[in-house]
Amino acid sequence: MEWWVGPLVTVIAALIGVSGVWAGVLLTRRWQMIQRQDAERTAAEKRLAATEQQKLRLISYASRLRSHIERGDDPPPEDWPEGIYD
């Protein structure tokens, strides 16, 4: 066996080990990023659902106010519904 084979095998084994560690670091970072994005998406979906509910309450209130006006009912109109300003 040549004198350079031993050191070459050692260097190759070290490179494989380092690349495994580096791959582990990259995979861990990627997994953390995916988890963070999932949490952000869930929070955004909750905000969107709340906004849609608020919009529906506002539309309903506007419809009731229009009906109040069209019927010729005396002032004041009904109070603001709960949760519009939340």
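Residues numbered from 1 in each chain as written. Predicted model: local features only at pLDDT ≥ 70, side-chain atom pairs only at ≥ 80, totals over all residues. Heavy atoms only, no water.

S.K.: What is the right way to look at the pattern of salt bridges in this model?
M.R.: Note that side chains of opposite charge can pair when their charged atoms are close. Using the criterion set out here, one finds 6 salt bridges in the structure. With a shortest N-O distance of 3.6 Å, Glu70 and Arg66 are connected by a salt bridge. In this pair, Glu70 and Arg66 are both assigned in helix α1 (residues 5-71), 4 residues apart and thus about one turn of the helix distant. Classification of Arg66 as exposed rests on a relative accessible area of 54%. Across the salt bridge formed by Arg71 and Asp73, the nearest N and O atoms sit 2.7 Å from each other. On the basis of relative accessibility, which here comes to 55%, the residue Arg71 falls in the exposed class. Three or more residues joined by partner-sharing salt bridges are found here, namely Asp38, Arg41 and Glu45. (Salt bridge = Lys/Arg side-chain N within 4 Å of Asp/Glu carboxyl O. Helix = DSSP H or I, 4+ residues; strand = E, 2+ residues; numbered from the N terminus. Buried < 20%, exposed > 50% of the residue type's maximum accessible area, 1.4 Å probe, protein only.)

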